[in-house]
Amino acid sequence: MKITEIINSTRPSLSFEVFPPKTSDSYESVIENALKIAELSPSYMSVTYGAGGGTSQYTAEIASTIKSAGVTPLAHLTCYSSTREKVRSVLSDLRQRGIENILALRGDAPADFDISRAEYRYASELISEIRAAGDFCIGGACYPEGHPESPSGTADIEALKIKVLAGCEFLTTQMFFDNSILYNFLYRLYRAGISVPVVAGIMPVTSAAQIKRIASISGNVLPQRFVRLIDRYGDSPLAMKQAGIAYATEQIIDLYANGINAVHVYSMNKPDVAAAIRANLSEIIA
Ligand code: FAD
């Protein structure tokens, strides 16, 4: 099934993300966790793609396993440090496996990568290529707080327009911890004439170390309410996990209540976290 058919439905959708292992040693445990998440019957499941190609070989395999478990997969694909030849080969593999949905991303260049030799500059170039390659449903990334490299929010939205014109049919947001940031961003998209559906990306923060890492990379704004929670529970792993799941659940309920029907949870290969969130929403997305 195409992701756009799922997220355009009037029924709220809830999807989860998994990421491939860095080495083959942990492949089996990733598959095991992905299958446990699939048992929760999410609307779909996404599988990330290693920017440097390190774990890219597993993305299609994990997406196929998810499909065999009866859940629609969304395979991520990055291009910055890739070649056109490699992209063509991944697309052919995905087509053969019957994977219809791709989240097309630029990715980030590895430290040793010579950007002057890049065959792609932006995700929109990858999107055009996927569009020409066949009947894939294509999504892209967006950043309610702005992409870290963007000179301004306006420039970022102009770049999104190009992405949508290239064939991007839906957008998934970077995580955010204050829903008003998303509502403001959606208004700016509307003003810019961008009308593709937007899936809200929610990260349940289950450890203090995790949020320090995330905030230093993405530059997310952390609301006082959220900072207080980390101050109070950051040193108690079980309490932090419970509080992080409760915070994410509250964000999701507020999104649904305000008409945002599609929510994607960055579940980080943690079936217990995905299950707790699903259980908290049992009557809401019954
Ligand atoms: P782009 O859309 O190409 O944007 C990159 C920058 O260039 C932005 O600043 C944008 O404003 C600017 N820009 C874009 N087009 C133009 C243009 N035509 N002219 C001028 N400026 C332009 N990374 C991975 O490695 N693997 C993953 O699986 C992965 N999944 C992700 C999923 C989501 C939902 C999100 C939000 C991010 C994900 N990332 C992933 C991270 C992503 O690869 C990085 O954030 C990367 O820096 C940007 O990718 P992009 O596709 O948004 O790039």
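This text follows the structure it describes.
In this report, we go over the structure that sits alongside the text.

Definitions and limits used
Residues numbered from 1 in each chain as written. Predicted model: local features only at pLDDT ≥ 70, side-chain atom pairs only at ≥ 80, totals over all residues. Heavy atoms only, no water. Core = buried A, V, L, I, M, F, W, Y, C linked by side-chain atoms within 4.5 Å. Buried < 20%, exposed > 50% of the residue type's maximum accessible area, 1.4 Å probe, protein only. Contact = heavy atoms within 4.5 Å. Pairing = 2+ DSSP bridges. Helix = DSSP H or I, 4+ residues; strand = E, 2+ residues; numbered from the N terminus. Axes fitted to C-alpha atoms, helices over the stretch in contact; angles between N-to-C directions. Salt bridge = Lys/Arg side-chain N within 4 Å of Asp/Glu carboxyl O. 1 Å grid on protein atoms, 1.4 Å probe; cavity = no way out; pocket = protein on both sides within 12 Å on 5 of 7 lines; lining within 4 Å. Points joined across faces, edges and corners; volume = space filled by probe spheres on them. Nonpolar A, V, L, I, M, F, W, Y, C, P; charged D, E, K, R; others polar.

Structural notes on the nonpolar core
Next, step 1: Membership of the largest hydrophobic core comes to 62 residues, with the highest contact counts inside it found for Leu14, Ile62, Leu77, Ile130 and Ile252.
Next, step 2: With residues up to four places along the chain from it excluded, the contact list for Leu14 reads Pro42, Ser43, Tyr44, Ile252, Tyr256, Val263, Val265, Arg278, Leu281 and Ile285.
Next, step 3: Counting residues in each nonpolar core, the second largest holds 14 residues, with Met175, Met203, Ile211 and Ala243 among its members.

Side note on the sheet that holds strand S7 (residues 198-202)
Next, step 1: Reading around the barrel, the eight strands line up as S1-S2-S3-S4-S5-S6-S7-S8 and close back on themselves, with parallel pairing between neighbours. Strand-to-strand, the axes of this sheet are offset by a mean angle of 30°, without reference to chain direction.
Next, step 2: Here helix H4 (residues 84-96) sits on the sheet and contacts strand S3 (73-78) and strand S4 (101-105); the angle it forms with S3, its principal contact strand, is near 170°.

A short note on the pattern of salt bridges
Pairing between side chains of opposite charge can happen when their charged atoms approach one another.
Next, step 1: The tally for this structure, following the rule as stated, stands at 12 salt bridges.
Next, step 2: Residues joined by salt bridges that share partners form a network here, namely Arg106, Asp108 and Glu149.

Some thoughts on the layout of surface pockets
In this approach, a probe sized like a water molecule rolls over the atoms, and the result shows the empty space that is left.
Next, step 1: The volume enclosed by the second largest pocket comes to roughly 240 Å³.
Next, step 2: Taken together, 16 residues form the lining of the second largest pocket, with Leu186, Val196, Pro197, Val198 and Ile260 sitting closest to its centre.
Next, step 3: For the lining of the second largest pocket, the leading source of residues is helix H7 (residues 179-191), giving four residues.
Next, step 4: Looking at the lining of the second largest pocket residue by residue, the class counts come to 11 nonpolar, five polar and no charged.

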